Amino acid sequence: MSLLSVRNLSVAFPTQNGWFQAVEGIHLAVNAGDILAIVGESGSGKSVAMMAVMNLLPPTARITCDELKIDGQDLLAMPAKQRRKLNGGTIAMIFQEPMSSLNPCFTVGYQIDEAIRIHLGGSKKERLERALHLLEIVGIPDPQRRYKAYPHQMSGGMSQRAMIAMALAANPKLLIADEPTTALDVTVQAQILELLLKLQQTQGMGLILITHDMGVVAETAQQVVVQYAGQQVEKQPVFGLFNHPHHPYTAALLDALPERAPAGDFLPTIQGIVPGQKDRPTGCLFSPRCTHAQVLCHEQQPALVRQPEQWLRCHYPLNPVEVAQ
Amino acid sequence: MSEVLRAVNLRQEYVARQGLFQKPLSVRALNGVSFSLNAGETLAVVGESGCGKSTLARSLTLIETPSAGELWLAGQPVDTAHKPDAALRQRVQMVFQNPYGSLNPRKTIQQMLEEPLLLNTKLSRDERRAAVADMMSRVGLRPEFVERYPHMFSGGQRQRIAIARALMLKPKVVVLDEPVSALDLSVRAQILNLLTELQHDLGLAYVFISHDLSVVQRIADYVMVMYFGRAVEYADAQTIFSTPQHPYTKALFSATPVAEVGEKRERIHLQGEPPSPLRPPQGCPFGPRCAYVQEACRQEIPLLRELNKAQVACIQAEAINKNQTI
Ligand SMILES: Nc1ncnc2c1ncn2[C@@H]1O[C@H](COP(=O)(O)OP(=O)(O)OP(=O)(O)O)[C@@H](O)[C@H]1O
Ligand SMILES: Nc1ncnc2c1ncn2[C@@H]1O[C@H](COP(=O)(O)OP(=O)(O)OP(=O)(O)O)[C@@H](O)[C@H]1O
Ligand code: SF4
Ligand code: SF4
Ligand SMILES: [Mg+2]
Ligand SMILES: [Mg+2]
């Protein structure tokens with residue numbers, strides 16, 4: 001059974017210049033034990049889409065969705081209060097900016113204890129043991145001391161790990177990890193990824209991993225979705241995505257990998273800027289910046305074609321031969 | 001080339017209260033770091049989480065006054081005991097690791113980017129607006145976004161706002177704490193190119209803190225590897241990436257995930273965890289986790305010394321290097 005199923009989710013925000021479409025018709029299906037990575041342009045709606053799933057967007061946001069189910073429960077039919085109870089228990093999220101997600105007025109230990117108390121309960125002693133255990137498995141040195149520390153007394157990477165500990169407090173079935181390792185050095189990063197993989201393998205935890213780190217994607221993900229300007233433009237198993245990207249945006253993104261880029265002072269970039277509200281193209285949203293664009297691209301928006309193994313939104317896919325095989 | 005920034009033996013100690021009745025603890029986050037940086041050069045600072053990188057950044061910019069040590073800016077000593085004056089602020093800028101926390105939630109982006117120009121230049125209103133618009137496009141943000149407040153942005157967009165703000169006054173030195181980790185590859189490339197361009201044009205010097213070694217390799221002239229509040233290795237980028245000499249540097253460099261599917265780099269797994277500042281290890285701080293540790297390592301803290309074009313704080317570096325090349 002599908003752990004998370006999202007059909008046609010869209011989110012818009014009111015701004016001075018009218019509605020801003022942050023997320024446009026995205027779909028997600030995650031089963032127990034799945035690892036789905038979401039990559040893509042900064043500002044393409046990755047975090048907003050996940051915040052919509054968690055019901056954490058400001059009330060001004062306009063959210064529409066055809067289906068939103070978690071662990072068999074229909075969230076669209078559920079009162080907000082009941083929905084909130086799922087958060088932290090069935091489904092948990094590691095937020096992108098740990099230092100602004102932790103409450104500065106409470107110690108880290110208190111905040112982890114809260115999460116355990118609400119979702120798992122247990123005696124004070126049991127909760128303390130679990131909290132220290134969590135701090136330890138996320139690799140925080142000196143858990144006893146950090147338990148009593150306030151967020152501002154910790155380094156960036158430590159607050160990030162404290163967030164991860166909090167998200168794992170109640171053994172969630174689905175974990176949404178939004179840039180979980182950006183503030184971490186590579187050794188700790190490797191340790192956290194191993195921990196998440198272990199939970200995925202032993203407990204069948206489903207994992208949605210949002211990251212800009214292609215190394216992390218290559219090493220952990222099974223499927224990868226690529227987003228651009230609020231839309232999903234491509235989905236492929238990880239190997240195919242890295243070796244035969246079909247969407248020109250995906251290809252351009254991979255070209256900017258520092259280790260793939262040609263030597264020299266400047267790295268390859270994508271010319272131009274994402275479309276705004278006023279200059280939203282009638283055709284493909286990537287067409288003003290796409291080096292492969294043709295007449296049709298400027299006239300007609302490509303639809304997201306979803307096949308079991310791959311999704312694509314492009315009139316003129318790259319590497320088409322490899323697809324057929 | 002001319003030196004723009006020099007740090008001598010910078011130290012920072014924090015006093016952490018542990019509840020009402022317990023004795024406050026002192027945490028030595030920075031334990032004597034020195035370096036010199038020329039105009040037009042980039043020093044990258046790398047090292048494990050909690051090793052003191054952000055503390056170093058805050059000391060260099062006098063956001064926190066260091067508990068000891070000297071700072072020199074363009075050959076002039078800086079009064080480290082006091083908050084920086086306006087002239088110093090203009091010359092040394094910082095991009096924080098946590099951009100959201102450093103952006104005023106009640107100001108629009110326009111106000112935020114315009115403010116330093118208003119205070120420090122004689123530009124007219126139109127000129128200021130034009131300068132803001134130009135900077136917005138350079139960091140890849142939509143011009144109409146200037147009327148928005150910080151909470152209305154994605155993580156990577158906020159990061160770019162913080163970078164734009166630091167660059168507005170064309171400072172001499174910019175300390176960037178994890179400036180590109182929240183950015184997608186293409187925007188990251190755009191920002192790195194912008195930094196390189198400004199460095200070429202204006203001779204900016206950067207202290208660039210990053211966990212991303214592929215970025216460091218790309219942009220750094222010099223690399224400082226920190227461990228437990230100290231530099232354990234310092235060399236030019238070419239040297240350190242081709243022949244890392246300190247056991248910690250070797251372990252750090254081996255753990256980078258590779259952006260190729262199916263390819264996993266051989267990893268030296270670091271045993272144990274970073275030392276606790278409350279119970280610092282005897283002698284070499286890396287000793288408890290070092291595969292090459294000997295009795296001699298526990299005697300005293302190894303100092304940086306010249307070795308094969310680098311500075312290395314390991315008493316056995318020669319022997320270790322010899323064994324590994326065979
Ligand atoms: N409250 C808001 N009002 C208006 N626009 C918003 C608001 N919150 C987010 N946005 C916009 O929605 C878009 C999507 O933001 P989101 O945070 O999902 O991006 P993202 O893909 O997570 O990017 P990043 O990789 O930089 O974190 C952005 O363009 C952002 O500016
Ligand atoms: N205000 C403070 N009070 C007490 N301890 C602090 C304070 N600020 C930092 N520390 C401690 O100082 C040490 C160094 O922290 P710093 O933020 O410099 O690390 P960092 O190298 O930037 O790590 P990261 O890569 O995780 O950002 C850590 O052990 C941290 O817990
Ligand atoms: S549809 Fe056309 S413009 Fe859009 S990505 Fe494909 S080739 Fe480029
Ligand atoms: S001095 Fe000794 S313990 Fe320290 S890094 Fe060198 S070999 Fe290892
Ligand atoms: Mg985001
Ligand atoms: Mg830091």
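Residues numbered from 1 in each chain as written. Chains lettered and ligands numbered in written order. Predicted model: local features only at pLDDT ≥ 70, side-chain atom pairs only at ≥ 80, totals over all residues.

1. Some remarks on the overall build of chain B
Alright, step 1. Within chain B, the regular secondary structure consists of 11 helices and 12 strands.
Alright, step 2. In summary, chain B has a C-alpha radius of gyration of 21 Å against a globular reference of 20 Å for 326 residues, a match within 12%.
Alright, step 3. By its C-alpha atoms, chain B is 70 × 55 × 45 Å across when sized along the principal axes.
Alright, step 4. For chain B, with 326 residues in total, the buried portion stands at 48%. (Helix = DSSP H or I, 4+ residues; strand = E, 2+ residues; numbered from the N terminus. Rg over C-alpha atoms; globule rule 2.2 N^0.38 Å. Buried ≥ 20, exposed ≤ 12 C-beta atoms within 10 Å, placed from the backbone.)

2. Focus on the overall build of chain A
Alright, step 1. Within chain A one finds 13 helices and 13 strands.
Alright, step 2. The C-alpha atoms of chain A give 21 Å as radius of gyration, which agrees with the globular expectation for 325 residues (20 Å, within 12%).
Alright, step 3. The principal-axis extent of the C-alpha atoms belonging to chain A is close to 65 × 50 × 45 Å.
Alright, step 4. Here chain A holds 325 residues, and the buried ones make up 52% of them.
Alright, step 5. Considering only contacts within chain A whose residues lie at least 6 apart along the sequence, 63% involve residues at least 24 apart. (Contact = placed C-beta atoms within 7 Å.)

3. Observations concerning the site of ligand 3
Alright, step 1. Close to ligand 3 lie 13 residues, the nearest being C284(A), C290(A), A293(A), C297(A) and C314(A).
Alright, step 2. Partitioning the shell around ligand 3 into residue classes produces 9 nonpolar, 4 polar and no charged. (Near = placed C-beta within 6 Å. Nonpolar A, V, L, I, M, F, W, Y, C, P; charged D, E, K, R; others polar.)

4. Some remarks on the domain arrangement of chain A
The accessible area lost on association of the parts is a frequent measure of interface size.
All names here are of chain A.
Alright, step 1. Split by domain assignment, chain A resolves into domain 1 (2–221) and domain 2 (228–324).
Alright, step 2. Summarising the inter-unit geometry, the C-alpha centres of domain 1 and domain 2 are found 28 Å apart.
Alright, step 3. If you look at the interface, domain 1 gives 18 residues, while domain 2 gives 11 residues.
Alright, step 4. Listed by contribution, the elements that provide at least two residues to the side of domain 1 that touches domain 2 are β2 (18–31) and α9 (214–220).
Alright, step 5. Considering each element in turn, the side of domain 1 that touches domain 2 owes the most residues, 8 residues, to β2.
Alright, step 6. By residue class, the composition of the side of domain 1 that touches domain 2 is 8 nonpolar, 8 polar and 2 charged. (Domains from an automatic or database assignment.)

5. Comments concerning the packing of helix α4 (residues 109–120) of chain B against helix α5 (residues 125–138) of chain B
Residue and element names in this part refer to chain B.
Alright, step 1. Between α4 and α5, whose axes approach to 10 Å, the crossing angle comes to 125°. Classed by the angle they form, the pair α4 and α5 counts as oblique. Read as a crossing pair, α4 and α5 show a hand that is right-handed. In this structure, α4 uses Q110, L113, E114, L117 and L118 to contact α5, whose residues at the interface are R128, A131, V132 and M135. (Axes fitted to C-alpha atoms, helices over the stretch in contact; angles between N-to-C directions. Parallel < 35°, antiparallel > 145°, perpendicular 65-115°, else oblique. Left-handed = near helix turned anticlockwise from the far one by under 90°.)

6. Section: the environment of E309(A)
Alright, step 1. With respect to the helices, strands and loops of the structure, E309(A) is situated in the loop between β12 (305–306) and β13 (311–312).
Alright, step 2. With 72 residues separating them in the primary sequence, E309(A) and P237(A) have C-alpha atoms 7.2 Å apart.

7. Some points on the site of ligand 4
Alright, step 1. Around ligand 4, the surrounding shell consists of P247(B), C284(B), F286(B), G287(B), C290(B), Y292(B), V293(B), C297(B), P302(B), C314(B), I315(B) and Q316(B).
Alright, step 2. Looking at side-chain class alone, the shell around ligand 4 contains 10 nonpolar, 2 polar and no charged residues.

8. A look at the environment of A39(B)
Alright, step 1. On the secondary structure map, A39(B) appears in the loop between β2 (25–38) and β3 (42–47).
Alright, step 2. Measuring from C-alpha to C-alpha, the distance between A39(B) and G203(B) comes to 5.3 Å, with 164 residues separating the pair along the chain.

9. So, the interface of chain B and chain A
Alright, step 1. Contact with chain B, which involves 55 residues of that partner, is made by 54 residues of chain A.
Alright, step 2. Contributing elements (two or more residues each) for the side of chain B that touches chain A: α3 (99–102), α6 (155–167), α7 (185–202), α8 (213–219) and α10 (247–254) of chain B.
Alright, step 3. Among the residues forming the side of chain B that touches chain A, the class breakdown is 20 nonpolar, 23 polar and 12 charged.

10. Considerations on unusual backbone geometry
Alright, step 1. Positive phi, close to 60°, is recorded for D142(A), a residue that is not glycine.
Alright, step 2. You can see D142(A) is positioned in the loop between α5 (124–137) and α6 (143–147).
Alright, step 3. Residue D142(A) is classed as partly exposed on the basis of its 19 C-beta neighbours within 10 Å.
Alright, step 4. For A74(B), which is not a glycine, the phi torsion comes out positive at approximately 45°.
Alright, step 5. Mapped onto the elements of the fold, A74(B) is located in the loop between β4 (68–73) and β5 (76–77).

11. With respect to the sheet that holds strand β8 (residues 174–178) of chain A
All names here are of chain A.
Alright, step 1. Read from one edge of the open sheet, 8 strands run β7-β8-β9-β3-β10-β11-β13-β12, paired in mixed fashion. Of all strands in the sheet, those with a lone pairing partner are β7 (91–94) and β12, marking the two edges.
Alright, step 2. Note that strand β3 (residues 35–40) and strand β10 (residues 223–228) share 5 bridges and pair parallel. Across the sheet, the residue bridging to I38 is V225, located in β10. (Pairing = 2+ DSSP bridges.)

12. Some points on helix α11 (residues 248–255) of chain A
Alright, step 1. Residues of α11(A) that are buried include every one of P248(A), Y249(A), T250(A), A252(A) and L253(A), and no others.
Alright, step 2. Summarising the contacts, the buried residues of α11(A) are in contact with β10, β11 (231–237) and α10 (238–243) of chain A together with α7 of chain B.

13. Concerning the sheet that holds strand β7 (residues 173–177) of chain B
All names here are of chain B.
Alright, step 1. Pairing is mixed in the open sheet, where 8 strands are placed in the order β6-β7-β8-β3-β9-β10-β12-β11. A strand with exactly one partner marks an edge of an open sheet, and here the two such strands are β6 (92–95) and β11 (305–307). Averaged over neighbouring strand pairs, the angle between their axes works out to 20° when direction is ignored.

14. What about helix α1 (residues 53–60) of chain B?
Residues and elements named next belong to chain B.
Alright, step 1. Counting buried positions along α1 gives 8 out of 8 residues, so the element sits mostly inside the fold.
Alright, step 2. Here α1 has its buried residues at K53, S54, T55, L56, A57, R58, S59 and L60.
Alright, step 3. In the stretch just after α1, L62 is the one whose phi turns positive, near 55°.

15. Brief notes about the pairing of β3(B)
Residue and element names in this part refer to chain B.
Alright, step 1. Judged by how many residues are buried, β3 sits mostly within the fold: 6 of 6 residues are covered.
Alright, step 2. The alternating pattern of β3 places T42, A44 and V46 and L43, V45 and G47 on opposite faces, both of which are buried.
Alright, step 3. One ladder, built from 5 bridges, connects β3 with strand β9 (residues 222–227); its direction is parallel. Paired with A44 across the two strands is V223, which belongs to β9.

16. Observations concerning the nonpolar core
Alright, step 1. Formed by 189 residues in total, the largest nonpolar core has its most connected members in A165(A), V207(B), V223(B) and V225(B).
Alright, step 2. The element contributing the most residues to this core is helix α7 (residues 156–168) of chain A, with 8 residues.
Alright, step 3. Counting only domains with at least three residues in this core, you end up with domain 1 (2–221) and domain 2 (228–324) of chain A.
Alright, step 4. Residue contacts for A165(A): discarding those within four places in its chain leaves I112(A), L134(A), L135(A) and V138(A). (Core = buried A, V, L, I, M, F, W, Y, C linked by C-beta atoms within 7 Å.)

17. With respect to the pairing of strand β8 (residues 205–209) of chain B
All names here are of chain B.
Alright, step 1. Across the 5 residues of β8, 5 count as buried, placing the element largely inside the fold.
Alright, step 2. Of the two faces of β8, the one lined by A205, V207 and I209 and the one lined by Y206 and F208 are each fully buried.
Alright, step 3. Pairing between β3 and β8: 4 bridges, direction parallel. Paired with A44 across the bridge in β8 is F208.
Alright, step 4. Here 5 bridges tie β7 to β8, and the two strands are oriented parallel to one another. Counterpart to V174 in the pairing with β8 is Y206.

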